[in-house]
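Understanding the architecture of this molecule
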Amino acid sequence: MTPIAISCGEPAGIGPEIAARAWERLRDEIPLLWLGDPRHLPDAVAWQAVESAAEAATVSGQALPVLARDFGAPAVPGQPDPTHAQGVIDAISDGVELVCAGDCAALCTAPIHKAALIDGAGFAHPGHTEFLADLAGVDEVVMMLACPALRVVPATIHIPLSQVPKLLTPELLEGTIRITHAALIRDFGIMAPRIAIAGLNPHAGEDGKMGCEEIEMIAPLLERLRAEGFDLAGPMSADTMFHASARTGYDAAVCMYHDQALIPIKTIDFSGGVNVTLGLPFIRTSPDHGTAFGIAGKGLADPSSMIAAIRMAADMALARGAR
Ligand SMILES: NC(=O)C1=CN([C@@H]2O[C@H](COP(=O)(O)OP(=O)(O)OC[C@H]3O[C@@H](n4cnc5c(N)ncnc54)[C@H](O)[C@@H]3O)[C@@H](O)[C@H]2O)C=CC1
Ligand SMILES: NCC(=O)COP(=O)(O)O
């Protein structure tokens, strides 16, 4: 298989160290290519500068292959440097170019500090998901977080809670359900996906006594899609749809906003969760956590989610025919 490209993420966070730890664990299984400034890697890691993804595939068993960029300065753990922002963004763009050219099998992104990119380089996106959609020229993408026990999808993503009811349209929800359904078949091998849809309001609106979005928007959309053959449950009460026995009833839960989706999965399996962007013309995964400034550079970061993200990217690439 061609390498999995790993963008460095925020150099002052735990991204470089979890990438290095992931390479140590996966070096004999999955070829990797790290994109960033090698000064930001932990001192102890064996790395080797390479010129291409093809060269990376030949050295990945012995050293972490690095497609090096000069960010201008070393990183101070926990203190993002605005002068690094453009390098962080460029590493993501480089990764997209490599996967689009077929030189890498997938992109796995280490966490970015969104505020540092906005302040340091005028980054115009609230996260990778929206940036990658823009780079790919795709209007609609979907964020899924997945662990062995649960898959969740927030229909609205990085927006203030106060804007959720306005931006939660039938069109957005329909696109989210269709993209999720297609990805469950294509990338997760679930031939007859069962999708649960959360309500927006407490008790899914309690028959309109606690909000009307369920009656006016969500339920009619679900009826229409059921008539097409989609296996959809809901709108369900979000507070009772994530306990162990409820989770056996669906393959993915579509939620109405970020925290409704991410709180249950990060509570159930913080170290095993993977963030995967659906609807892109290439494969992108990421750990489920952020930059963890408080523990950066201290050797305390758990690489499990990064390892799970790389494994998922490789599995998806193989399922799509990568060799
Ligand atoms: N994909 C991405 O680029 C993501 C970026 N972020 C960004 O990360 C920054 C910090 O966000 P927070 O909400 O503080 O979340 P966080 O995930 O960075 O940290 C939350 C807590 O979990 C701990 N933690 C996180 N990852 C860990 C690991 N691998 N091993 C051990 N402990 C770990 C941290 O020390 C902290 O106590 C923000 O700027 C946010 O935007 C957050 C999530 C995803
Ligand atoms: N809370 C999830 C998150 O912030 C990840 O976003 P993205 O950078 O993958 O778009």
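What you are looking at is a predicted structure, and each value in this text was computed from that prediction instead of being measured.

**Considerations on the environment of A115**
Within the fold, A115 resides in helix α4 (residues 114–121). Residues A115 and P80, spaced 35 residues apart in sequence, show a C-alpha to C-alpha distance of 9.5 Å.

**Quick notes on the UniProt feature "binding site: substrate" (unreviewed entry) in the protein**
Under the present numbering, the feature "binding site: substrate" (unreviewed entry) in UniProt falls on H128, T129, K266, N275 and R284. Assignment of secondary structure puts T129 in helix α5 (residues 128–136). Judged by local crowding, T129 falls into the buried class, with 24 C-beta atoms found within 10 Å. What T129 contacts, discounting residues up to four positions off in sequence, is V141, M143, I157 and T277. If you trace the backbone, K266 turns up in helix α10 (residues 258–268). Every residue in contact with K266, bar those within four places of it in the chain, is listed here: G273 and D288.

**Structural notes on the site of ligand 2**
Looking at ligand 2, the residues that line it are G127, H128, T129, L262, N275 and S286. Each residue belonging to the shell around ligand 2 can be placed in one class, and the counts come to one nonpolar, five polar and no charged.

**Details of the sheet that holds strand β1 (residues 4–7)**
With mixed pairing, the 12 strands of this open sheet are ordered in space as β3-β4-β2-β1-β5-β12-β11-β6-β7-β10-β8-β9. Edge positions in the open sheet fall to β3 (47–49) and β9 (231–236), since each of these has one partner strand only. Pairs of neighbouring strands in the sheet enclose a mean axial angle of 25°, with direction left out of account. Across three bridges, the pairing between strand β7 (residues 150–154) and strand β10 (residues 252–255) is parallel. For V152, the partnering residue across the bridge sits in β10 and is A253.

**Digging into the domain arrangement of the protein**
Domain annotation for the protein reports domain 1 (1–141 + 281–323) and domain 2 (149–268). A straight line from the C-alpha centre of domain 1 to that of domain 2 covers 30 Å. Residue-level contacts link seven residues of domain 1 with seven residues of domain 2. Of the residues contributing to the side of domain 1 that touches domain 2, the split by class is three nonpolar, two polar and two charged.

Calculation notes
- Residues numbered from 1 in each chain as written.
- Chains lettered and ligands numbered in written order.
- Predicted model: local features only at pLDDT ≥ 70, side-chain atom pairs only at ≥ 80, totals over all residues.
- Helix = DSSP H or I, 4+ residues; strand = E, 2+ residues; numbered from the N terminus.
- UniProt positions renumbered as here; feature names shortened; annotations may be inferred.
- Buried ≥ 20, exposed ≤ 12 C-beta atoms within 10 Å, placed from the backbone.
- Contact = placed C-beta atoms within 7 Å.
- Near = placed C-beta within 6 Å.
- Nonpolar A, V, L, I, M, F, W, Y, C, P; charged D, E, K, R; others polar.
- Pairing = 2+ DSSP bridges.
- Axes fitted to C-alpha atoms, helices over the stretch in contact; angles between N-to-C directions.
- Domains from an automatic or database assignment.

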